[in-house]
Amino acid sequence: MSDIRQAGKALVVRILEGDGEASRALRRGAFDNAGLVEPVRTLVQKLTIHADKVTDEDITAAGASGLSQDQIFEIVVCAAVGEATRQYDTALATLRVVAERSGYAPGDPR
Amino acid sequence: MRLAILDSGHGFGTKALFAFIRALSCQPTPEVLKLVMYRPDFFGTHMKEVTHEAMRGPSAWSVGDRELMAAFVSKMNDCEFCIKAHTAVAARAYHDEAKVFGVLSDLETAVIGEPLRATLRMLRKLTREHAVNVDDMHGVLAAGVSVEQIEDALAVCFAFNTMNRLADAFEFLVPGPKTFEAGAKFLLARGYR
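Residues numbered from 1 in each chain as written. Chains lettered and ligands numbered in written order. Predicted model: local features only at pLDDT ≥ 70, side-chain atom pairs only at ≥ 80, totals over all residues.

**Let's talk about the overall build of chain B**
- From N to C terminus, chain B includes 11 helices and zero strands.
- Counting helices and strands in the order they occur from the N terminus, chain B gives α-α-α-α-α-α-α-α-α-α-α.
- In terms of principal-axis extent, the alpha carbons of chain B reach across some 55 × 30 × 30 Å.
- When contacts within chain B are restricted to residue pairs at least 6 apart in sequence, those whose partners lie at least 24 apart make up 70%. (Helix = DSSP H or I, 4+ residues; strand = E, 2+ residues; numbered from the N terminus. Contact = placed C-beta atoms within 7 Å.)

**Here's the deal with the overall build of chain A**
- A tally of regular secondary structure across chain A gives five helices and zero strands.
- Seen in sequence order, chain A has helices and strands lined up from the N terminus as α-α-α-α-α.
- Expected size for 110 residues packed as a compact globule is a radius of gyration near 13 Å; at 17 Å, chain A overshoots this value by more than 25%.
- C-alpha atoms of chain A, sized along the principal axes, occupy 55 × 30 × 20 Å.
- Classification of the 110 residues of chain A by burial places 38% in the buried group.
- Taking as baseline every contact in chain A between residues at least 6 positions apart, the subset at least 24 positions apart corresponds to 57%. (Rg over C-alpha atoms; globule rule 2.2 N^0.38 Å. Buried ≥ 20, exposed ≤ 12 C-beta atoms within 10 Å, placed from the backbone.)

**Some thoughts on the interface of chain B and chain A**
- Of the residues lining the interface, 45 residues belong to chain B; the matching set on chain A comes to 45 residues.
- Within the residue set of the side of chain B that touches chain A, elements represented by two or more residues are helix H1 (4-8), helix H4 (44-56), helix H9 (134-142) and helix H10 (147-169) of chain B.
- Looking at the side of chain B that touches chain A element by element, the count peaks at 16 residues for H10 of chain B.
- Taken together, the residues of the side of chain B that touches chain A sort by class into 24 nonpolar, 12 polar and nine charged. (Nonpolar A, V, L, I, M, F, W, Y, C, P; charged D, E, K, R; others polar.)

**Here we look at the nonpolar core**
- Counting residues in hydrophobic clusters, the biggest one holds 92 residues, and the most contacted among them are Ile75 and Val76 of chain A together with Val156 and Cys157 of chain B.
- Among all residues touching valine 156 of chain B, those that are not within four sequence positions of it are Ala54, Met55, Arg66, Met69 and Ala70 of chain B. (Core = buried A, V, L, I, M, F, W, Y, C linked by C-beta atoms within 7 Å.)

**Thoughts on the confidence of the model for chain B**
- For chain B, per-residue confidence averages 96 on the pLDDT scale, and residues scoring 70 or more make up 100% of the total.
- Taken over the whole predicted complex, pTM reads 0.94, whereas the ipTM for its chain interfaces reads 0.95. (pLDDT = per-residue confidence, 0-100.)

**What to know about the confidence of the model for chain A**
- Mean pLDDT over chain A: 92, with 93% of residues reaching 70 or higher.
- Considering each helix and strand of chain A separately, the mean pLDDT is smallest for helix H1 (residues 2-17) of chain A, with a value of 92, and largest for helix H2 (residues 24-32) of chain A, with 98.

**Digging into unusual backbone geometry**
- Residues glutamate 38 of chain A and proline 39 of chain A are joined by a peptide bond in cis, for which omega reads 0 degrees.
- Positive phi is not limited to glycine here, since cysteine 26 of chain B has a value of about 60 degrees.
- Summarising the element assignment, cysteine 26 of chain B is placed in the loop between helix H2 (12-25) and helix H3 (31-36).
- Given 9 C-beta atoms within a 10 Å radius, cysteine 26 of chain B is considered exposed.

**Re helix H4 (residues 56-64) of chain A**
All names here are of chain A.
- Regarding H4, the residues found buried are Asp58, Ile59 and Ala62. Buried residues of H4 fall within an arc of 95 degrees about the axis and therefore sit on the same side. In this structure, H4 carries Asp56, Glu57 and Ala64 as exposed residues pointing more than 90 degrees from its buried face.
- Among the structural elements, helix H3 (40-50) and helix H5 (69-102) are those in contact with the buried residues of H4. (Arc of directions from axis to C-beta.)

**Topic: the environment of histidine 50 of chain A**
- Tracing the backbone through its elements, the reader meets histidine 50 of chain A in helix H3.
- Taking the C-alpha atoms as reference points, histidine 50 of chain A and glycine 63 of chain A, separated by 13 residues in sequence, lie 21 Å from one another.

**Quick word on the packing of helix H5 (residues 63-76) of chain B against helix H7 (residues 97-105) of chain B**
All names here are of chain B.
- With their axes 10 Å apart at the nearest point, H5 and H7 run at an angle of 30 degrees to one another. With respect to each other, H5 and H7 are oriented roughly parallel. Crossing of H5 over H7 shows right-handed handedness. Contacts between H5 and H7 pair Leu68, Ala71, Phe72 and Lys75 from the former with Val100, Val103 and Leu104 from the latter.
- Classifying every residue of the contact of H5 with H7 by side-chain character gives six nonpolar, no polar and one charged. (Axes fitted to C-alpha atoms, helices over the stretch in contact; angles between N-to-C directions. Parallel < 35°, antiparallel > 145°, perpendicular 65-115°, else oblique. Left-handed = near helix turned anticlockwise from the far one by under 90°.)

Here's what the structure looks like:
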């Protein structure tokens, strides 16, 4: 499924490097869950660890800090894709290590 | 929906499309459709491609297996909308609702093959703990799962780790069973593009 990597990469490049209402630095910070200030820090932290704990107040606070709805939309998207990407990359790297040590090859059925 | 722009900020053509879909299906516009159709050049167009590849692209896993993985990952993330949506798709794909409910209620006693069970165990740990180790991967490979199958399962996990977070953060309305049934029919017939 090599197309998935290309499609995933295109998604990440678009949301981080393409045009947006939020600055590229803010989108990158949300993606990495790093270098953010309140109230965006709390919103992104919750989204990363347990998104079902995000509340109306978290979104309202982000708006009250001066962010537009489009900027909040982009920040939330970047945070969600960022955490999913970290989990995916971590697991794939672990798989590579195990496959190389054990002599498994892609497509090699046991 | 927590952001008003996702409810009503779409262009005229998209709103007309939503009205057509509502008339045809006799169901409300799915919230997930509102999300991917809002400024689709930013997120939706790419995400639909990613999801379609993961869920309908070539794989040794069946469509039912991948929909079950989607429901299972959603359960690990406590995302009610996605659990219900993909439980309905998996049940319809397998023609076996009991199998899907069995996995979601107790993975260890569910009536499924060991390769799928071992894969779901790994996805459970990855989703809950955000990491897996070499022993976890050894466990999946030892159950007879190929490297490519693990990659494919991780792609499903990527798609739903993203969508679960968005569904919860934007607070998708959770509709009744008829809407999910209609969605399941559509997703099995047309995929995610």
